[in-house]
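# A look at the structure
If you want the building blocks of each chain, they are given just below.
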Amino acid sequence: MPISYLIIGLIIVIISISIYFLRRSLHVNGKQEKNMKNQDNSYMREIIDRDRQIINLNLKINKLVELNSRYLSFMFKIPYIIQRLNTTLILQEIIVSIIEMVKNIVLTDKIGVYLFDALSNKLNRVYMNGMPQQEIDSYALGEDLIGAVAKHRFIMMREDFSRMYPQKQSDRNAKTQFWMAVPIIFKDRLLGVIGIGEIENPIGNESELLKMIADISGVALFNQILLNDAQHKANTDPLTGLNNRNYFFQMAQHYVEKSSHDGTVISLFLLDIDNFKHYNDTNGHDAGDKLLIEISKLIRSSSRKNSIVARYGGEEFIVMLPGIAKEDAYIYADRLREQISHYTFNYFEKQPLGFVSISGGVATFPEDGDTINKVINCADLALYEAKSKGKNRVMVYKAP
């Protein structure tokens, strides 16, 4: 075989071997490159996952910092709020403090405070924030979330109410936007309910915190009720339920000061029951007491809400009419006199005039005197004139 063929064959073998190893090398490099790329992708995913975790942790930390800040603020404010609650017995100030405590502990734009009225057996709204105008003003026990919480006396969520009253869910939920309601109870006495709207970023222990607020509120509201009862007794005539002389003069001072600023007139109507001693002696003291009570009700029902009606002493009454001129005060007084004279009281026919009657005098501040006592003296002079002219009449004071 010629040498040239051997050389050619040898070259072909060398080239084939070179191609084989080249291909193998390329294949290995490709695998390595692919592995490296996969490794890079894995690293990138890990980095992205870690970044996401870091972001989530930062969000949680920020929430915890914010929550901790709210709690610290709340804890620092609690002594001040409690002190304020202990030193004020004004209902509006107590309600403001309750709202302040709620806002310091939960982030919500809807808060409602309802106080329980035992006479009507209803919860009446005293504060509302973030609620629509059509939101109702009162709830009966068991009505809606607010009423249900008052009835059962434990904290309730909206979904709890829906489970307990499934048949009422459709119409009840349409009435309220509260997410949670908390009863205000002190010594087993229901005082009210706090309604809370949706809470931003709830952490799960809102119930405990709001219960603590409700407990603090209960003490303050109970003290306020006790004071109101004490003040009411101190300012109220026990027989007739009208204001007494003490309250009358307190309010008189208030309106006199108001008059000095805006020039408001104050008319007084002083009246007493004609021949009351005769009625008492003829029919007995129990009948006399009942007559006083019935006449008190007539005076109160015939007077404006801002009028101050008081039992002045014995069978004598006084009505303060802020902002009412003397002429209009006379019209009011004479209309009341006529109403009483036509009323069918027990034993009315035994009276000397054949019916129960009153006599009265009208005087006005500052026209007839620069103090309330002077004006009362003028009204008393007019009353004496009405008596001397035959009773069952009202006279207006005229300066001599």
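See the structure shown above.
A few points on the structure. Bear in mind that the values here come from a model prediction, so they are computed numbers and not experimental data. (Residues numbered from 1 in each chain as written. Predicted model: local features only at pLDDT ≥ 70, side-chain atom pairs only at ≥ 80, totals over all residues. Heavy atoms only, no water.)

### What about the pattern of salt bridges?
By the definition in use, this model includes 16 salt bridges. Across the pair R311 and D237 runs a salt bridge whose closest N-O atoms are separated by 3.3 Å. Here R311 is found in strand 8 (residues 308-313), whereas its partner D237 is found in the loop between helix 6 (206-235) and helix 7 (245-262), with 74 residues between them in sequence. For K374, the salt bridge goes to D370, with nearest N and O atoms at 3.0 Å. (Salt bridge = Lys/Arg side-chain N within 4 Å of Asp/Glu carboxyl O. Helix = DSSP H or I, 4+ residues; strand = E, 2+ residues; numbered from the N terminus.)

### Re the pairing of strand 1 (residues 111-117)
Within a regular strand, the side chains alternate between the two sheet faces. The buried fraction of strand 1 is high, at five of seven residues. The loop that links strand 1 with its antiparallel partner strand 2 (residues 122-129) comprises four residues; one of these, N121, has a positive phi angle of about 60 degrees. For strand 1 and strand 6 (residues 189-196), the ladder comprises five bridges, and the chain directions are antiparallel. Note on strand 6: the bridge partner recorded for L115 is G192. (Buried < 20%, exposed > 50% of the residue type's maximum accessible area, 1.4 Å probe, protein only. Pairing = 2+ DSSP bridges.)

### Examining the nonpolar core
V102, I196 and L210 are the most contacted members of the largest nonpolar core, which totals 29 residues. Secondary-structure elements contributing two or more residues to this core are helix 2 (91-105), strand 1, strand 5 (180-186), strand 6 and helix 6. When residues of this core are assigned to their parent elements, the largest contribution, eight residues, is made by helix 6. If you look at the next biggest cluster of nonpolar residues, it comprises 27 residues, including Y279, L291, L321 and I340. (Core = buried A, V, L, I, M, F, W, Y, C linked by side-chain atoms within 4.5 Å.)

### What about the layout of surface pockets?
Here the largest pocket defines a volume of roughly 380 Å³. In terms of lining, the largest pocket is formed by 14 residues, of which the most central are F116, D117, A118, R189 and I225. Those elements giving two or more residues to the lining of the largest pocket turn out to be strand 1, strand 6 and helix 6. Element by element, the count of residues in the lining of the largest pocket is highest for helix 6, at five residues. (1 Å grid on protein atoms, 1.4 Å probe; cavity = no way out; pocket = protein on both sides within 12 Å on 5 of 7 lines; lining within 4 Å. Points joined across faces, edges and corners; volume = space filled by probe spheres on them.)

### Focus on the sheet that holds strand 4 (residues 156-157)
The strand order 3-2-1-6-5-4 describes an open sheet built from six strands, whose pairing is antiparallel. This sheet does not close on itself; its edge strands, each paired only once, are strand 3 (138-140) and strand 4. Pairing of strand 4 with strand 5, which is carried by two bridges, proceeds in the antiparallel orientation. The residue of strand 5 that forms the bridge with M156 is A181. In the packing of helix 2 onto the sheet, the strands contacted are strand 1, strand 2 and strand 6, and the crossing angle to strand 1 comes to about 140 degrees. Against the sheet, helix 3 (residues 144-152) engages strand 1, strand 2, strand 3, strand 4, strand 5 and strand 6, with an angle of about 35 degrees to strand 5. (Contact = heavy atoms within 4.5 Å. Axes fitted to C-alpha atoms, helices over the stretch in contact; angles between N-to-C directions.)

### Describing the pairing of strand 2
Bridging between strand 1 and strand 2 involves seven bridges; their strand directions are antiparallel. The residue bridging L115 from the neighbouring strand is N124, located in strand 2. Sheet topology places strand 2 next to strand 3; three bridges connect them, and they run antiparallel. Along strand 3, the bridge assignment pairs K122 with A140.

### Focus: the sheet that holds strand 10 (residues 358-365)
Across the sheet, which stays open at both edges, the five strands sit in the order 8-9-7-10-11 with mixed pairing between neighbours. For this open sheet the edge positions go to strand 8 and strand 11 (394-396), each flanked by a neighbour on one side alone. Here the average twist between neighbouring strands, direction ignored, is 20 degrees. Bridge analysis of strand 7 (residues 266-273) against strand 10 gives eight bridges, and the strand direction is antiparallel. Paired with L270 across the bridge in strand 10 is G361.

### Quick look at unusual backbone geometry
Look at the link from F365 to P366: it is a cis peptide, with omega at 0 degrees. Mapped onto the fold, P366 is located in the loop between strand 10 and helix 11 (372-388). With phi around 60 degrees, N121 is a residue other than glycine that occupies positive phi space. Its place among the elements puts N121 in the loop between strand 1 and strand 2. Positive phi is not limited to glycine here, since D144 has a value of about 60 degrees. In this fold, D144 is placed in helix 3.

Keep in mind these values describe shape, not function.
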